[in-house]
Amino acid sequence: MYNWKQLGEHLLSIFLQPNCPLCGRSAEAVVCGNCNRQLEQCRFSEGKFQGKRKIPLLVWGKYEGSLKRAIAVLKYEQKPEMARPLGEKLGETWLQRATFPVSLKPVVIPIPLHPEKEKQRGYNQAQLIARSFCQVTGFPLHTQGLKRIKNTEALFGLTPQQRQKQLDRAFAVGESLNLQQPILLLDDIYTTGTTIQAAQMTLHQAGGKVLAVTAVAKPEKTR
Ligand SMILES: [Zn+2]
């Protein structure tokens, strides 16, 4: 039985329960059951790929339909709460299909945004995804492991050479990173892999070891 205080809190929690960021209807969890089912349809049955420089890449789902919309909502519609279910899904998949023993517990480094861009958006979506990913996997999170020192233009529509040039010296290693620890790089979308590769190179040149790369979404076909 509720006492009045609990009842009040319960009613308040219903009242304050934010709506599903994907459809706007009221939801029990962050995302409503219906939208969650649509998200699940984007999941790769086998999300293991080979990333750049032969590093294993694990991706949760296809960058299309509901998942594409969820990432757009997260990035461009000021719905940071959308990061949580995405990070949890990726974390659960990681525990099931890890490409190395999970006991290795790599330090998770989200791909950083340039400080100016992060200020504009108010958050870095990859960092928020990484936070909930780490809650599920128990891996340590290092949000300052990498810094973005060059404010790159959107890479969409650029040729591979132009992308490469844009990302040349775009990253620097964070002072507080212990380079002895194995690293797992995390991003929201893996398109051509150029961004992650640039981050990987920066860590590699500093003596760091990137064990694997992971992303929430990847287009089924990439150039
Ligand atoms: Zn919904």
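Look a little higher up for the structure.
Residues numbered from 1 in each chain as written. Predicted model: local features only at pLDDT ≥ 70, side-chain atom pairs only at ≥ 80, totals over all residues. Heavy atoms only, no water.

Engineer: Hey, could you run me through the environment of Ala172 in this one?
Structural biologist: Turning to its location among the elements, Ala172 is positioned in strand 5 (residues 171-173). Taking the C-alpha atoms as reference, Ala172 lies 13 Å from Ile109; in sequence the two are 63 residues apart. Each residue touching Ala172, except ones within four places of it in the same chain, is listed here: Gly145, Leu146, Lys147, Ile149 and Thr202. (Helix = DSSP H or I, 4+ residues; strand = E, 2+ residues; numbered from the N terminus. Contact = heavy atoms within 4.5 Å.)

Engineer: Honestly, the packing of helix 7 (residues 160-167) against helix 8 (residues 194-205) in this entry has me stumped. Any pointers?
Structural biologist: When two helices pack together, their arrangement is given by the angle between the helix axes and by the axis-to-axis distance. At a closest axis distance of 10 Å, the pairing of helix 7 and helix 8 adopts a crossing angle of 40 degrees. Relative to helix 8, helix 7 is oriented oblique. The way helix 7 lies across helix 8 gives a crossing that is right-handed. When helix 7 is examined against helix 8, the residues Arg163, Gln164 and Leu167 are found in contact with a partner set consisting of Thr194, Thr195, Gln197 and Ala198. Of the residues in the contact of helix 7 with helix 8, the class split is two nonpolar, four polar and one charged. (Axes fitted to C-alpha atoms, helices over the stretch in contact; angles between N-to-C directions. Parallel < 35°, antiparallel > 145°, perpendicular 65-115°, else oblique. Left-handed = near helix turned anticlockwise from the far one by under 90°. Nonpolar A, V, L, I, M, F, W, Y, C, P; charged D, E, K, R; others polar.)

Engineer: I tried to follow the coordination of the zinc ion on my own but got confused; where do I start?
Structural biologist: Put simply, a metal with four donors set out as a tetrahedron has ideal angles of 109.5 degrees, and one with six donors set out as an octahedron has ideal angles of 90 or 180 degrees. Taken together, the protein ligands of the zinc ion are Cys20 (SG), Cys23 (SG), Cys32 (SG) and Cys35 (SG), with distances of 2.3 Å. What the four donor atoms of the zinc ion show is an angle range of 104 to 117 degrees at the metal, which sorts the shape as tetrahedral. All donors to the zinc ion come from one chain, and their sequence spacing reads C-x2-C-x8-C-x2-C. On the basis of relative accessible area, Cys32 is assigned to the buried category, the value being 8%. (Donors = N, O, S within 2.8 Å, 3.2 Å for Na, K, Ca; no water. Tetrahedral: all angles 85-135°; square planar, octahedral: opposite > 155°, others 65-115°. Buried < 20%, exposed > 50% of the residue type's maximum accessible area, 1.4 Å probe, protein only.)

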